[in-house]
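Structural overview for review
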Amino acid sequence: MLTLIKNASVFAPDPLGHADVLVADGRIASVAPGIDVSGSVVDVFDAEGRWLLPGLVDALTHPAGGGGEGGFANRTSEVSFDTFVLAGVTSPVGALGTDSYGRGLDVLYGNVMSLRARGLSAYMYTGSYRVPADTITGDVTRDIVFVEPVIGMGEVAIADHRSSQPTAQELRRIAAETRLGGVISGRGGTVLVHVGDGPDRLGVLRAALAGSDLPARVFYPTHTNRNAELLDEAIAFAKDGASIDFTASTLPEFIEQGEVDVLDAMARAQAAGVPAERITLSSDAGGSLPHYVDGELCGLKAASPGVLLEQVRRAMRENPQSVERVIASVTRNPAAALGLPDVGRVQAGARANLLIIDAQSGALHDVMGNGQWLLRAGELTADYDGM
């Protein structure tokens, strides 16, 4: 079956204007105005002028749940397939959270493969907060080369009281092994780094790179909008060649304590000269949003993947000129940072992971994953089981 999506306003994420998109065998076959394909094997879908975007690429999610601070009663729940689809996230990248003991890589692998079986282009990181690294095969490089959904290492924690306080030399070795895995496998090879609010900020990453042959882009720091000082360091790091990630999930008290709103962080980074393609947003879906006072946990909530599409809607409402950049920050940019060339784009040869949203409100109308409709007219296609 071929699928022809007609009359869409296409953001690839670059705006292409009105165009048709032909899908065949799970991939995009053509993007052009007035595609003419007829026959009984063609499913023609009229987008009626709605916006067509790449499926969202969420560089940090916790499909197996995250958190665990404050005892087992605070364990966050798994993030379901339906939750990702309703959020427009077709490429979630899974990581272990603070608790890599109660939930291991085997559990994460099972969650990721379940998402894949139902139609999402899901991936995962080997490792965890802790150093030395947890792995599936006993070796970081081997995991990336031989375990299909593994594309990198992470999220390794620095500048955080919950981290294992890794040294610069330990991080350099992890980065070298991760990069080698990417070189051999031809995909991924990035170390996602959880950055806490400790005063060293990105200092240990700088020290790990100093005197090495590693490029700055091997490290991909996230949560870098945690405070203004960290944001300034992240901006300098990005200008040296790395991608930086801002976390869209937040709480009002986090903003009151100094966290920088993601759209404000994007604007500040671009004003400072960071290339737009090095700026990404992620949700931390399934991760805990812990609230500490004087080092004591006072409560937590779970992050949702829905915050990414909400940033697109915010841009549509508040600053339409920024919409293209915001779409890129949740599609093509994270895909590039993670070495995933066939997601996050609407172009011939890419996976047919597509969203159709209302051109006025940004409401999600339809979701396609690997050429299969997962959401139609706002309703989940419950009969699709990946077979």
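Because the structure is predicted, anything quoted here is derived from the model rather than measured.

**Examining helix α4 (residues 168–185)**
Across its 18 residues, α4 extends 26 Å between first and last C-alpha, which sits within 8% of the 26 Å expected from 1.5 Å per residue. Within α4, the full set of buried residues consists of L171, I174, A175, T178, G181 and G182. On an axial view of α4, the arc spanned by its buried residues comes to 125°, and they lie on one face. Turned more than 90 degrees away from the buried face of α4 sit R173, V183 and I184, all of them exposed. Residues of α4 that are buried sit in contact with α3 (140–146), β9 (150–158), β10 (190–195), α5 (203–209) and β11 (219–222). Backbone geometry just after α4 places G186 at a positive phi near 80°.

**What to know about the side chain of S283**
Here S283 shows up in the loop between β13 (279–282) and β14 (288–293). Reaching out from S283, the side chain makes a polar contact with the side chain of D58 at a distance of 2.4 Å. At 3.0 Å, the side chain of S283 and the backbone nitrogen of A285 are in polar contact. Apart from residues no more than four positions distant in its own chain, S283 is found in contact with D58, L60, T61, T247, S249, A303, S304, P305, V307 and L308.

**A look at the packing of aromatic side chains**
Here the structure, examined in full by the defined rule, presents 2 aromatic pairs. Between F45 and W373, the aromatic rings sit 4.9 Å apart at their centres with planes inclined by 40°, giving tilted as the arrangement. Highlighted residues: F45 in strand β4 (residues 42–46) and W373 in strand β18 (residues 372–376), separated in sequence by 328 residues. Judged by relative accessible area, W373 falls into the buried class, the value being 11%.

**Notes on the sheet that holds β11**
Strand order in the open sheet made by the 6 strands is β6-β7-β8-β9-β10-β11, with parallel pairing throughout. Each end of this open sheet is capped by a strand with a single partner; those strands are β6 (56–61) and β11. Taken pair by pair, the neighbouring strands of this sheet meet at an average axis angle of 30°, ignoring direction. Alignment of strand β8 (residues 123–126) against β9, held across 3 bridges, turns out to be parallel. Opposite T126, over in β9, you have M153 as the bridge partner. Its contacts with the sheet place helix α2 (residues 105–117) against β7 (89–94) and β8, and it is angled at close to 165° to β8. Each of β9, β10 and β11 touches α4; the most contacted strand, β9, lies at about 170° to it.

**Focus on the nonpolar core**
Judged by nonpolar contacts, the single largest core of 78 residues is most densely connected at F219 and F246. Among all residues touching F219, those that are not within four sequence positions of it are L171, A175, V191, V193, L205, A208, L209, F237, A242 and S243. Counting 18 residues, the second-largest nonpolar core is a separate cluster that includes A19, F45, L52 and A352.

**What about the pattern of salt bridges?**
Counting across every chain of the model gives 18 salt bridges. E48 is paired through a salt bridge with R50; the nearest N and O atoms lie 3.4 Å apart. With relative accessibility at 57%, the residue E48 sits in the exposed group. In this structure R50 comes out as buried when scored by relative accessible area, which is 16%. In this structure, the salt-bridge partner of R314 is D261, at a minimum N-O distance of 3.0 Å. On the criterion of sequence distance, the pair formed by R314 in helix α9 (residues 307–318) and D261 in the loop between α7 (252–256) and α8 (262–271) is long-range, its members being 53 residues apart. Since its relative accessible area comes to 16%, R314 is described here as buried. Salt bridges linked by common partners bring R27, D342 and R351 together as one network.

**Comments concerning the packing of helix α6 (residues 228–239) against α8**
Contact pair α6 / α8: the axes reach a minimum separation of 10 Å and the direction vectors enclose 40°. Of the possible angle classes, the one that applies to α6 and α8 is oblique. The two elements α6 and α8 cross, and the hand of that crossing is right-handed. Residue-level contacts link A228, L231, D232 and I235 of α6 to A265, R268 and A269 of α8. Residues of the contact of α6 with α8, tallied by class, amount to 5 nonpolar, no polar and 2 charged.

**Quick notes on the side chain of N225**
Examined against the element boundaries, N225 turns out to sit in the loop between β11 and α6. Separated by 2.9 Å, the side chain of N225 and the backbone nitrogen of T247 make a polar contact. Setting aside residues no more than four positions away along its own chain, N225 makes contact with F246, T247, E259, V260, V262 and A265.

**Here we look at the environment of D106**
Relative to the helices and strands, D106 is located in helix α2. What makes D106 exposed here is its relative accessible area of 61%. For the pair D106 and I136, spaced 30 residues apart in the sequence, the C-alpha separation amounts to 7.3 Å.

Criteria and thresholds
- Residues numbered from 1 in each chain as written.
- Predicted model: local features only at pLDDT ≥ 70, side-chain atom pairs only at ≥ 80, totals over all residues.
- Heavy atoms only, no water.
- Helix = DSSP H or I, 4+ residues; strand = E, 2+ residues; numbered from the N terminus.
- Expected span 1.5 Å × (residues − 1).
- Buried < 20%, exposed > 50% of the residue type's maximum accessible area, 1.4 Å probe, protein only.
- Arc of directions from axis to C-beta.
- Contact = heavy atoms within 4.5 Å.
- Polar contact = N/O pair within 3.5 Å; in protein donor to acceptor, adjacent residues only side chain to side chain.
- Phe/Tyr/Trp six-rings, centres within 6.5 Å; stacked < 30°, edge-to-face > 60°.
- Pairing = 2+ DSSP bridges.
- Axes fitted to C-alpha atoms, helices over the stretch in contact; angles between N-to-C directions.
- Core = buried A, V, L, I, M, F, W, Y, C linked by side-chain atoms within 4.5 Å.
- Salt bridge = Lys/Arg side-chain N within 4 Å of Asp/Glu carboxyl O.
- Parallel < 35°, antiparallel > 145°, perpendicular 65-115°, else oblique.
- Left-handed = near helix turned anticlockwise from the far one by under 90°.
- Nonpolar A, V, L, I, M, F, W, Y, C, P; charged D, E, K, R; others polar.

Purely geometric numbers; function is a separate question.
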